[in-house]
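Each chain is listed here by its residues.
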Amino acid sequence: MNYQKLDAALATALNDTQDPEEQSLAVFIHTEQILNSAATAVLESLGVSNVTSGKDIFTATLSANAISQLSEQSWVKYLKRSQQLGLVNKIINTGKLGL
């Protein structure tokens, strides 16, 4: 595992992972702009979708082992944890200000 390519949130999540084969970590994969066919094949084999030429950021839900494998690839710049967004059900009180 090349920890220099991981952000702090992802490194922490990896340490908390119980099953290294479970695809449970949502990540952004930042790569070189031009990917060769071998790099494209690696991404596709890990379940990354929409791998097209000219893209340099991909998203995927990966296992700890897959993240380790990607971190060792020379064409991967860095890996960043993606946080799952939730809906906010909150009423905002926008009272009027008076003079």
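All figures in this text were calculated on a predicted structure; none of them were measured in a lab. (Residues numbered from 1 in each chain as written. Predicted model: local features only at pLDDT ≥ 70, side-chain atom pairs only at ≥ 80, totals over all residues. Heavy atoms only, no water.)

Brief notes about the overall build of the protein chain
Operational definition: Each helix is a run of DSSP H or I of at least 4 residues and each strand a run of E of at least 2, with the numbering of both proceeding from the N terminus. Using a 1.4 Å probe on the protein chains alone, a residue whose accessible area is under 20% of its type maximum counts as buried, one over 50% counts as exposed, and one in between counts as partly exposed. Note on contacts: a residue pair is in contact if any heavy atoms of the two residues lie within 4.5 Å. Residue exposure ignores everything except the shown protein chains as possible cover, and the areas themselves are Shrake-Rupley values with a 1.4 Å probe.
Check the secondary structure of the protein chain and you find three helices and three strands. Counting helices and strands in the order they occur from the N terminus, the protein chain gives α-β-α-β-α-β. Taking all 99 residues of the protein chain together, 33% fall into the buried category. In the protein chain, once contacts between residues fewer than 6 apart in sequence are set aside, the share between residues at least 24 apart is 74%. Per element, the accessible surface of the protein chain, about 6900 Å² overall, is 49% carbon and sulfur.

Section: unusual backbone geometry
For Asn-50, which is not glycine, the phi dihedral falls at a positive 55°. Positionally, Asn-50 belongs in the loop between α2 (37-45) and β2 (57-62). Residue classification places Asn-50 among the exposed residues on the basis of a relative accessible area of 59%.

Let's talk about the side chain of Lys-5
Put simply, the rule reads: In this tally, Asp and Glu contribute negative charge and Lys and Arg positive charge; neither His nor the terminal groups of the chain are included. Criterion for a salt bridge: a side-chain nitrogen of Lys or Arg within 4 Å of a carboxyl oxygen of Asp or Glu. Any pair of N or O atoms that falls within 3.5 Å is considered a polar contact. Within protein, one atom must be able to donate a hydrogen and the other to accept it, and sequence-neighbouring residues count only if both atoms are side-chain atoms.
In this structure, Lys-5 sits in the segment before α1 (8-16). The buried charged residue Lys-5 lacks any salt bridge partner; its closest oppositely charged side chain belongs to Glu-72, at an N-O distance of 7.1 Å. There is a polar contact of 2.6 Å between the side chain of Lys-5 and the backbone oxygen of Gln-73. Other than its neighbours up to four places away in sequence, Lys-5 contacts Ser-71, Gln-73, Ser-74, Val-76, Lys-77, Tyr-78 and Leu-79.

Concerning the environment of Ala-60
By the element assignment, Ala-60 lies in strand β2. With 13 residues separating them along the chain, Ala-60 and Gly-47 place their C-alpha atoms 7.2 Å apart. In contact with Ala-60, not counting residues within four places along its chain, are Leu-25, Ala-26, Val-27, Ile-29 and Val-48.

Side note on α2
How we decide: Each C-beta atom gives one direction from the helix axis, and the arc is the one those directions make.
Looking at α2, one finds that the buried residues are Ala-39, Thr-40, Val-42 and Leu-43. One side of α2 holds all its buried residues, which, seen down the axis, span an arc of 160°. Those residues of α2 that are exposed and aimed more than 90 degrees away from the buried face are Ser-37 and Ser-45. The backbone nitrogen of Ala-38 lies 3.1 Å from a side-chain oxygen of the residue at the head of α2, namely Asn-36. Downstream of α2 by a residue or two, Gly-47 has a phi angle that is positive, lying close to 95°.

Structural notes on the sheet that holds strand β3 (residues 76-81)
For clarity, the threshold we go by: When DSSP finds two or more bridges between two strands, those strands count as paired. Fitting a line to C-alpha atoms yields each axis, with helices limited to the stretch in contact; the angle taken between N-to-C directions then spans 0 to 180 degrees.
Taken in spatial order, the three strands make up an open sheet running β2-β1-β3, and their pairing is antiparallel. In this open sheet, the two edge strands, each paired with only one partner strand, are β2 and β3. Shown here is a sheet whose adjacent strand axes are inclined to one another by a mean of 25°, direction ignored.

No statement about biological role is implied by the geometric values presented.
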